[in-house]
Amino acid sequence: VPILVAFLGVSGTLGAALLTQWISNNRADQREKSRQEHEIAKEAQRQEHENHLKELELEGTRIEKKRDESIKAYRALLQVTGDIDSRSGYEFSDLLEAYSEIELVSDSQPLISTAWDLVGVCNAARKITTDAYKEAPDRDPATVQEVRDAIFAKDRVRKQFIQLAREDLSRGSTRGH
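Residues numbered from 1 in each chain as written. Predicted model: local features only at pLDDT ≥ 70, side-chain atom pairs only at ≥ 80, totals over all residues. Heavy atoms only, no water.

Engineer: Looking at this structure, I do not really get the overall build of the protein. What am I missing?
Structural biologist: Across its full length, the protein carries 4 helices and 0 strands. Moving toward the C terminus, one meets the helices and strands of the protein in the order α-α-α-α. Scaling as 2.2 N^0.38, a compact globule of 177 residues should have a C-alpha radius of gyration of about 16 Å, whereas the protein reaches 39 Å, well beyond that. Summarising its shape, the C-alpha atoms of the protein cover approximately 140 × 20 × 20 Å along the three principal directions. The buried share of the protein, reckoned over its 177 residues, is 24%. Residue pairs at least 24 apart in sequence account for 77% of intrachain contacts in the protein once pairs closer than 6 positions are excluded. Carbon and sulfur atoms make up 56% of the accessible area of the protein, which amounts to about 12,500 Å² in all. Taken as two groups, the 26 positive and 31 negative side-chain charges of the protein have centres that lie 4 Å from each other. (Helix = DSSP H or I, 4+ residues; strand = E, 2+ residues; numbered from the N terminus. Rg over C-alpha atoms; globule rule 2.2 N^0.38 Å. Buried < 20%, exposed > 50% of the residue type's maximum accessible area, 1.4 Å probe, protein only. Contact = heavy atoms within 4.5 Å. Areas by Shrake-Rupley, 256 points an atom, 1.4 Å probe, with all protein chains shown as cover. Lys, Arg positive; Asp, Glu negative; His and termini not counted. Charge placed at Lys NZ, Arg CZ, Asp CG, Glu CD.)

Given below as structure tokens:
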């Protein structure tokens, strides 16, 4: 019996020690597993944040490129609708090309419509100026009232276009289609 009591005492102590060790190991495993899960979640958050920053950077680059394209298109139309040279002859294709660029880059219907109006009045001013020059090559076409009226009309619409282009660029409505 004393051996049995001693055996049970040792077994109980050994069992308690083993149980304590098992619980301790189990808790350590759970803490390690929890730490690993936390690290994985933290890494996933970091990756998500990094991806979001990359998306923002790409969007910013896209917007900047679109704005540059818009400025280039607006500048092209303004260039071909600036001065009218009565000796250069009557041409329409440069106006249409510049207008087409506006259609491609702008979402603003008022701007596109005003660009088309500008093409029309500029075309009319070119024709009137060229015709006045052909009628009297020695006379300055600017002295002809019809030429002055046509150039005034062109300049008025051109100013409207400039104002709308500035508004379009400032509000960023050149986002694209």
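Now, onward.
Engineer: I keep staring at helix α2 (residues 93-105) and nothing clicks. Help me out?
Structural biologist: Three or four residues apart is the spacing at which side chains of an α-helix point the same way, because the helix has 3.6 residues per turn. With 13 residues, α2 ought to run about 18 Å at 1.5 Å a step, and its terminal C-alpha atoms sit 19 Å apart, in line with that. Those residues of α2 lying buried are Leu95, Ala98, Tyr99, Ile102 and Val105. On an axial view of α2, the arc spanned by its buried residues comes to 130°, and they lie on one face. Exposed residues pointing more than 90 degrees away from the buried face of α2 are listed as Glu97 and Leu104. (Expected span 1.5 Å × (residues − 1). Arc of directions from axis to C-beta.)

Engineer: Can you walk me through the nonpolar core in this structure?
Structural biologist: Nonpolar side chains in soluble globular proteins generally cluster together in the buried interior. Ranked by internal contacts, the top residues of the largest apolar core, which has 20 residues, are Tyr74, Leu77, Ile102, Leu111, Ala115 and Phe161. Taken together, the elements giving at least two residues each to this core come down to α1 (2-80), α2, α3 (109-135) and α4 (145-171). With 6 residues, α3 is the single largest residue contributor to this core. (Core = buried A, V, L, I, M, F, W, Y, C linked by side-chain atoms within 4.5 Å.)

Engineer: Would you explain the environment of glutamine 160 in this entry?
Structural biologist: On the secondary structure map, glutamine 160 appears in helix α4. Since its relative accessible area comes to 38%, glutamine 160 is described here as partly exposed. Note: C-alpha distance between glutamine 160 and threonine 114 (46 residues apart in sequence) is 7.2 Å.

Engineer: Even after reading the chapter, I still don't get the pattern of salt bridges, so can you show me in this structure?
Structural biologist: One side chain can pair with another of opposite charge once the charged atoms of both are near each other. Taken as a whole, this structure holds 9 salt bridges when the rule is applied. With a closest N to O distance of 2.7 Å, aspartate 155 and lysine 154 form a salt bridge. For aspartate 155, a relative accessible area of 31% corresponds to the partly exposed category. Exposure remark for lysine 154: the relative accessible area of 3% places this residue in the buried category. Overlapping salt bridges, with partners in common, bring together Glu43, Arg46, Glu50 and Lys54 in one network. (Salt bridge = Lys/Arg side-chain N within 4 Å of Asp/Glu carboxyl O.)

Engineer: Looking at this model, I keep getting lost on the packing of α3 against α4. Mind explaining?
Structural biologist: Direction vectors running N to C along α3 and α4 enclose 160°, while the axes themselves pass 8 Å from each other. In terms of orientation, α3 lies roughly antiparallel with respect to α4. Crossing of α3 against α4: the hand is left-handed. (Axes fitted to C-alpha atoms, helices over the stretch in contact; angles between N-to-C directions. Parallel < 35°, antiparallel > 145°, perpendicular 65-115°, else oblique. Left-handed = near helix turned anticlockwise from the far one by under 90°.)

Engineer: Would you mind showing me how to read a nonpolar patch on the surface here?
Structural biologist: A contiguous nonpolar patch, built from Leu19, Trp22 and Ile23 and spanning about 320 Å² of accessible area, is present on the exposed surface. Summarising the element assignment, isoleucine 23 is placed in helix α1. (Patch = residues over 30% accessible without salt bridge, like charges linked within 9 Å, V, L, I, M, F, W, Y side chains within 5 Å.)

Engineer: Teacher, can you tell me more about the environment of aspartate 85 here?
Structural biologist: The topology assignment puts aspartate 85 in the loop between α1 and α2. Since its relative accessible area comes to 37%, aspartate 85 is described here as partly exposed. Here the alpha-carbon distance between aspartate 85 and proline 110, two residues 25 residues apart in the chain, equals 28 Å.

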